[in-house]
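Structural overview
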Amino acid sequence: MIDESGPPAALPVDSCVRVRGSREHNLRNVDVEVPRDAMVVFTGVSGSGKSSLAFGTIYAEAQRRYFESVAPYARRLIQQVGAPAVDEITGLPPAVALQQSRGAPSSRSTVGTVTTLSNSLRMLFSRAGTYPPGTTERLDSDAFSPNTSAGACRECSGLGRVHQVTEDSLVPDPSLSIRDGAIAAWPGAWHGKNLRDILVELGHDIDRPWRDLPQAERDWILFTDEQPEVTVHPVRGVGQVQRDYQGRYTGARALVLHTLANSKSPTLRQRVLRYVRTSPCPVCGGSRLRPESLAVTFAGQSIAELARLPLSALVETFRAAAQARGTTAAWAAADSGETTDVAVRIAADLVARIEVLTRLGLGYLSLDRTTPTLSPGELQRLRIATQLRSGLFGVVYVLDEPSAGLHPADAEPLLAVLDQLTAAGNSLFVIEHDMGLARRADWIVDVGPHSGERGGRVLYSGPVAGLAEVEESVTRRFLFDRGPVPSRPRRQPSGQLRLRGIDRHNLRDVDADVPLGVFTAVTGVSGSGKSTLVSQVLTDAVARHVGSPAASPAEPDDADDDADDDVQDTDGTSMRVEGLNAVDRLVRVDQKPIGRTPRSNLATYTGLFDAVRKLFAGTDEARARGYSAGRFSFNVAEGRCPTCQGEGFVTVELLFLPSTYSPCPTCSGARYDPETLQVTHRGKNIAEVLDLTVEAAADFLADLPSVATSLRVLQEVGLGYLRLGQPATELSGGEAQRVKLASELQRARRGHTLYVLDEPTTGLHPADVELLVRHLHQLVDAGNTVVVVEHDMDVVAGADWVIDLGPGAGDQGGRIVAAGPPELVAAAAESRTARFLAPRLPAS
């Protein structure tokens, strides 16, 4: 550990990374020195600039230097980042980034593929598995992968599930006629009317109850692959003129399957999935592999069976195999090869690699667990374990909140693994909000003091103890002066949602009572079943009751997800639920992006942009020119810059160098054409208003009541530093979540709403957590219910009710250990949460 006595001394030139003049994002010409071969923690409130320093500057420069050593042709094939805005960085070793981004979600990406353990397992089966009698040739390792043509089940193409479209799923109410909507899977509006009109022209009776139509006729209407084309004579209403047209018929099943296969809209796919029955593949039983691949065994089990085992059980299987050299194991046939040197060597390597994962608290995961079902924290720990086994020396690992999503009990083994990385001669640069981990650091860099334009300075860089003397630091109070959470009166429930017989994932016949009208925190170690209970079982039950999917204030329609990832689990739906009549609405406030492109921004999401455009359209100049509100949208050709199409920048292709972005040469980044920019309000044009921060806009637009509330609430949740036109792609997960919360807080509503949040404090500085929780309690004070899955013990200590799951993960969890006020859970002997919660409660 570095000496913590006195002010930080200048570091030796040959032992530190020196940054000079960093201007990345909001950094203000920052100079900083940090030691190598140590754990350096970067802290600061959300938006202060710590990620811009650690990732945007230090890691980006290390990556740029690495790419310079790559052959120019190969560089063209690699996704490169641009050079950071910095004068100089010296003493910088090679760097590896371990971020929380999950990449493009896909049901084909699993724990096994992320950790590359699947590769070793496939090689083990190929070279040392027990083949059926009479087999003359061993299968290649590709034959054991569901992601290759050699291994994928022919029926389900390696997905393990099949979508079946039946008459019952397409026509839920056969007493209706086609005109009255019997074919519920048909689209609405004109498209649905077009299909009905075509059936009339084809001679079908669309006014007869569906169940009275002949079966052959019903089958043709739903399942035909024919696409007959007819002349449609639409029924004309009084005063309407509708011309005849050529219409082509498509069967209901074909429409549903086409939408699933081709639509990029999650909303459309979720709609048609209501008319699909999803079940395990009847050929492979959900294993995703061909029969000949499943016929090969090791340790008496197929590769699919081993991949389903929790890692904690799988490692014991391989441990036995690794010790079986020269002997005949109980499961091995005499000619199987399972006790050969090849088998022992591969099994021993698997044991060593899996043990790292179990030490990180991931023993409850299985190799076939898909990555879309993992939290960002789980994904990052999988990557950390992979790096630990790589044996690299002299590397800078840049980590993005490795403790995110971790129960305090799970954070302890993580710290041990991080210590191993530094002990091996590496440097750790860690962005972190967990004060427990920050106290363990060798060095701390505090960035701030606030967010956005009011941040971007290094307030302190030195041994941890020295930060106590920096009065300007927001982090200081949470790092050194934390007492118990102030006591507050506990609210009494107004009712309960009673869930009986829950049976999903590791929850087995669980009964849960969720109180209404209070703030409930659901706790437990990672993998104990918290998210299954809250984000799946509870939200599914309430969503069915209120008649719509769980509403999230921002679900971008351009998400490019795998269609199969939209399939909801169907188990657990036989449980009994009581008390639903007390809930009128369901809202999930998550950290998903509020938009996927730079055209989506804070103003467009909150609705502020509509009011601002109307304001400009109402000016004397705009009326004189005949400009409507649409003229002031950069998404409409009428008023946007024709060169950059309203983007504000242009892409410059540099062939062997990474593409770079520069301000549009025509509009200089303003996004509008010159004529539109000539219209002003109080001396500012539309581009200048979009460039205002929320704080500045609150003053400038104070005479616009329709936006005043939105701006005030955005300030109250700590987002006053954001610009109105700030692209959604620049917002962190925590910022996106608070934007959604602000949108909810400004709405006038009636009835009782259930708000569900899964780890809302992930990615937030403790100061930002205080702001967030304050507003969540306001929602409860307004008569609503808030349920959060949470690891932050300060949030849990301030809750009215706590449901603690566990006691362990996976098969060792999945039951309610304790439920009641925080004081009751803190006293529960079996709870692994108790010892971390008790110190945060006021002394009784």
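Residues numbered from 1 in each chain as written. Predicted model: local features only at pLDDT ≥ 70, side-chain atom pairs only at ≥ 80, totals over all residues. Heavy atoms only, no water.

Below, the discussion takes up the layout of surface pockets. Any empty space left between atoms is shown by rolling a water-sized probe over those atoms. There is about 1400 Å³ of room inside the second largest pocket. In terms of residues, the lining of the second largest pocket owes the most to one element, helix H27 (residues 766-781), which gives 6 residues. Residues of the lining of the second largest pocket, tallied by class, amount to 19 nonpolar, 13 polar and 16 charged. Of the residues that make up the lining of the second largest pocket, three or more belong to each of domain 1 (16-102 + 370-480) and domain 4 (495-593 + 750-840). (1 Å grid on protein atoms, 1.4 Å probe; cavity = no way out; pocket = protein on both sides within 12 Å on 5 of 7 lines; lining within 4 Å. Points joined across faces, edges and corners; volume = space filled by probe spheres on them. Helix = DSSP H or I, 4+ residues; strand = E, 2+ residues; numbered from the N terminus. Nonpolar A, V, L, I, M, F, W, Y, C, P; charged D, E, K, R; others polar. Domains from an automatic or database assignment.)

In space, the 6 strands of this open sheet follow the order E5-E12-E13-E3-E14-E15, with mixed pairing throughout. Either end of the sheet is taken by a strand with one partner, and the two such strands are strand E5 (95-98) and strand E15 (457-462). Ignoring strand direction, the axes of neighbouring strands in this sheet form an average angle of 15 degrees. Of the pairings in the sheet, the one linking E5 to strand E12 (residues 396-400) comprises 4 bridges and is parallel in character. Paired with valine 96 across the bridge in E12 is tyrosine 397. (Pairing = 2+ DSSP bridges. Axes fitted to C-alpha atoms, helices over the stretch in contact; angles between N-to-C directions.)

One pass over the structure, following the stated rule, counts 37 salt bridges. Arginine 122 is the partner of aspartate 142 in a salt bridge, and the nearest nitrogen-oxygen pair spans 3.7 Å. With aspartate 142 in the loop between helix H4 (117-128) and strand E6 (161-164) and arginine 122 in helix H4, this residue pair connects regions lying 20 residues apart in the sequence. Using a relative accessible area of 15% as the deciding quantity, one classes arginine 122 as buried. Overlapping salt bridges, with partners in common, bring together Arg488, Arg491, Asp781 and Asp800 in one network. (Salt bridge = Lys/Arg side-chain N within 4 Å of Asp/Glu carboxyl O. Buried < 20%, exposed > 50% of the residue type's maximum accessible area, 1.4 Å probe, protein only.)

Now for the sheet that holds strand E4 (residues 88-90). Strand pairing in a sheet takes place through backbone hydrogen bonds and is either antiparallel or parallel in direction. Taken together, the 3 strands give an open sheet; going across it, the order is E2-E1-E4, and neighbouring strands pair in antiparallel fashion. Edge positions in the open sheet fall to strand E2 (30-35) and E4, since each of these has one partner strand only. Here the average twist between neighbouring strands, direction ignored, is 5 degrees. Pairing between strand E1 (residues 16-22) and E4: 3 bridges, direction antiparallel. Opposite valine 19, over in E4, you have isoleucine 89 as the bridge partner. Along the sheet, helix H1 (residues 50-68) makes contact with E1, E2 and E4, crossing E4 at roughly 75 degrees. (Contact = heavy atoms within 4.5 Å.)

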